[in-house]
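These are the residues of each chain, in order.
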Amino acid sequence: MSDYKINTKCVQGGYTPGNGEPRQIPIVQSTTFKYDTSEDMGKLFDLEAEGYFYTRLQNPTNDYVAAKIAELEGGTAAMLTSSGQAANFFALFNICEAGSHIVSSSSIYGGTFNLISVTMAKMGIEATFVSPDCTEEELNAAFKENTRAVFGETIANPALTVLDIEKFAKAAHAHGVPLIVDNTFPTPVHCRPIEWGADIVTHSTTKYMDGHGAAVGGAICDSGNFDWMAHADKFPGLTTPDESYHGITYAERFGKEGAFITKCTAQLMRDLGSIQSPQHAFLLNLGLESLHVRMKRHAENGYAVAKFLESRSEVESVSFPHLESDKYYDRAMKYMPDGGCGVVSFTVRGGREGAERFMKALRLAAIETHVADARTCCLNPATSTHRQMNDEQLAAAGISAGLVRISCGLEDKDDLIADLAQALDKV
Ligand SMILES: *Cc1c(COP(=O)(O)O)cnc(C)c1O
């Protein structure tokens, strides 16, 4: 599949049926797999033979879909997880342990910020957060002797900042560690971070990849580019024998191409669970089959809505990286020339009350804690996800009381704009 264009990979990547086999990816709804001899099974446990023995570790349905995601991102190996949260935790914890340090963009999804700053801190893994717009000097100054990974989001949820992937990759590599990029918002249809130097790419497949609000899931994809052995002292989990796995040294046995995902599967998935169910993987694949068609429409609708909002006097400000007036426009055009995603943030005049009157009047756009599915939805953080904060605390978090985040779906843009127009009339 590697020579085909991304549109073709979305439809046919990952699974090529043989003569007489199912055209659609089969759902292997089985927790376990049968063998004729204990020796056969023993070889699988020793990672000497490839095959399946228990779905917590691997399942054929999941592997077809993970292979498609690897092709889309241009990586060498990938795995599915039960959620985006699990994907980011596994990607980081696969190379970090108590005593390690992470450099992360401060502009990331709230769940990931909590994961890194609270939960992983309790495990003895500390972090330094840097602005996605920091200078090269500021970025380099954030590294420590024990830094093991750099983390950021291509387009951040919900701030809609754009990561300078090349700059972050350069700094990570200068310090001998990989760059992990959460590519949930643009998806590989609009940005492939590996082409810009990222080493590991993660996804909340719950968002555009599934695209229908049907199944929570995540994915991790390895570029196969990072040379673990060249920085062996930093990554003993990959470069020294794993006593919990018969003394295997992942980087030796599976090379740059396979070490990261094999360890993440054989060790973390074994010990922590968080596998995606084969049913969800099947649903995810249905979403992936039309991802290229849908992303184009999401980005078009997002742009049309952002342009319209900018023209209205009831709107104080609009954030959308592909809007010509946006702070991130040049960076967005560099990394995502064909568009980003359909999420737009804007501030309605009249603060909390203004936003409330506006949202109450909407007919097509539903009020939901979600983004990135086929139906347009929106959220006012001040009266929902951040309602425990007063106006001063909100301002400190960079969120105005009248901020509305709208995720433009796949409806006709004229209908979306008409709905927003009648609701703004009531502000
Ligand atoms: C939603 C989201 C996550 C978390 O994903 P879940 O599937 O909800 O666990 C992580 N990163 C980004 C950018 C997200 O938007």
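Residues numbered from 1 in each chain as written. Predicted model: local features only at pLDDT ≥ 70, side-chain atom pairs only at ≥ 80, totals over all residues. Heavy atoms only, no water.

Here's the deal with the sheet that holds strand E7 (residues 218–222)
Line of reasoning, step 1. Strand order in this open sheet of seven strands is E1-E7-E6-E5-E4-E2-E3, and the pairing throughout is mixed. Across the chains shown, the open sheet's two edge strands, defined by having one partner strand only, are strand E1 (77–81) and strand E3 (126–130). Going from strand to strand, the sheet's axes swing by 20° on average, the running direction of each strand aside.
Line of reasoning, step 2. Of the strand pairs in this sheet, strand E5 (residues 179–182) and strand E6 (residues 200–204) are connected by three bridges, and their pairing is parallel. In the sheet register, Ile180 faces E6, and the bridge partner there is Ile200.
Line of reasoning, step 3. Across the sheet, helix H10 (residues 250–272) touches E1, E6 and E7, and the angle it forms with E1 is around 25°. (Pairing = 2+ DSSP bridges. Helix = DSSP H or I, 4+ residues; strand = E, 2+ residues; numbered from the N terminus. Axes fitted to C-alpha atoms, helices over the stretch in contact; angles between N-to-C directions. Contact = heavy atoms within 4.5 Å.)

Describing the sheet that holds strand E12 (residues 403–407)
Line of reasoning, step 1. In spatial order, the strands read E8-E9-E12-E11-E10; together these five strands make up an open sheet with mixed pairing. The open sheet has two edge strands, strand E8 (315–319) and strand E10 (366–367), and neither has a second partner.
Line of reasoning, step 2. The pairing of strand E11 (residues 377–379) with E12 spans three bridges and is antiparallel. Note on E12: the bridge partner recorded for Cys378 is Ile406.

Some points on unusual backbone geometry
Line of reasoning, step 1. Looking along the chain, the bond that leaves Asn157 and enters Pro158 is cis, with omega of 10°.
Line of reasoning, step 2. Mapping Pro158 onto the fold places it in the loop between strand E4 (147–153) and helix H7 (165–174).
Line of reasoning, step 3. The phi angle at His246 is positive, at roughly 55°, despite the residue not being glycine.
Line of reasoning, step 4. Position of His246 relative to the elements: it lies in the loop between helix H9 (236–239) and H10.

Describing the site of the ligand
Line of reasoning, step 1. Around the ligand sit 16 residues, and of these Asn157, Asp182, Ser204, Thr206 and Lys207 come closest.
Line of reasoning, step 2. Lys207 has a polar side-chain atom sitting 2.7 Å from an oxygen atom of the ligand.
Line of reasoning, step 3. Relative to its unbound accessible surface of 380 Å², the ligand loses 92% to contact with the protein.
Line of reasoning, step 4. The leading source of residues in the shell around the ligand is helix H4 (residues 84–93), at three residues. (Near = heavy atom within 4 Å. Polar contact = N/O pair within 3.5 Å; in protein donor to acceptor, adjacent residues only side chain to side chain. Areas by Shrake-Rupley, 256 points an atom, 1.4 Å probe, with all protein chains shown as cover.)

Considering the pattern of salt bridges
Line of reasoning, step 1. A complete count under the given rule lists 15 salt bridges for this structure.
Line of reasoning, step 2. Among the salt bridges present, the one from Asp271 reaches Arg270, with a minimum N-O distance of 2.6 Å.
Line of reasoning, step 3. With a relative accessible area of 22%, Arg270 lands in the partly exposed category.
Line of reasoning, step 4. One salt-bridge network, held together by shared partners, links Asp133, Lys327 and Arg331. (Salt bridge = Lys/Arg side-chain N within 4 Å of Asp/Glu carboxyl O. Buried < 20%, exposed > 50% of the residue type's maximum accessible area, 1.4 Å probe, protein only.)

A word on the domain arrangement of the protein
By a widely used convention, the size of an interface equals the accessible area lost when the partners come together.
Line of reasoning, step 1. Entries for the protein in the domain assignment read domain 1 (8–286) and domain 2 (292–424).
Line of reasoning, step 2. Measuring from the centre of the C-alpha atoms in domain 1 to the corresponding centre in domain 2 gives 30 Å.
Line of reasoning, step 3. With 31 residues of domain 1 at the contact, the number on the domain 2 side is 31 residues.
Line of reasoning, step 4. Interface of domain 1 and domain 2: buried area, both sides summed, is about 2600 Å²; carbon and sulfur atoms make up 62% of it.
Line of reasoning, step 5. Of all residues in domain 1, Leu160, His190 and Tyr208 bury the most surface against domain 2, accounting for 31% of the area lost on that side.
Line of reasoning, step 6. Counting the contacts that link domain 1 with domain 2 gives three salt bridges.
Line of reasoning, step 7. The closest approach of N and O atoms between Asp133 and Lys327, which form a salt bridge, is 3.1 Å.
Line of reasoning, step 8. Joining domain 1 to domain 2, the criterion identifies 16 residue pairs in polar contact (both at pLDDT 80 or more).
Line of reasoning, step 9. Of all elements in the fold, only helix H1 (6–12), H7 and helix H8 (187–190) reach the threshold of two or more residues within the side of domain 1 that touches domain 2.
Line of reasoning, step 10. Grouping the amino acids of the side of domain 1 that touches domain 2 by side-chain chemistry returns 16 nonpolar, nine polar and six charged. (Domains from an automatic or database assignment. Buried area = accessible area lost by both parts, 1.4 Å probe. Nonpolar A, V, L, I, M, F, W, Y, C, P; charged D, E, K, R; others polar.)

Regarding the packing of aromatic side chains
Line of reasoning, step 1. A complete count under the given rule lists 13 aromatic pairs for this structure.
Line of reasoning, step 2. Taken together, a centroid distance of 5.7 Å and an interplanar angle of 15° make the contact between Trp228 and Phe260 stacked. Placement of the pair is Trp228 in the loop between E7 and H9 and Phe260 in helix H10, with a sequence separation of 32 residues.
Line of reasoning, step 3. Pairing Phe346 with Phe358 gives two aromatic rings, centres 5.7 Å apart and planes at 90°, and the pair type is edge-to-face. A residue pair is termed long-range when its members are at least 10 positions apart, and Phe346 in strand E9 (residues 343–348) and Phe358 in helix H14 (residues 351–361) qualify at twelve residues. Taken as a pair, Phe346 and Phe358 share a single burial class, namely buried.
Line of reasoning, step 4. Pairwise contacts between aromatic rings join Phe226, Trp228, Phe235 and Phe260 into one cluster.
Line of reasoning, step 5. A cation over an aromatic ring shows up here: Lys207 above the ring of Tyr109, its NZ or CZ 5.0 Å from the ring centre. (Phe/Tyr/Trp six-rings, centres within 6.5 Å; stacked < 30°, edge-to-face > 60°. Lys NZ or Arg CZ within 6 Å of the ring centre and 35° of its normal.)

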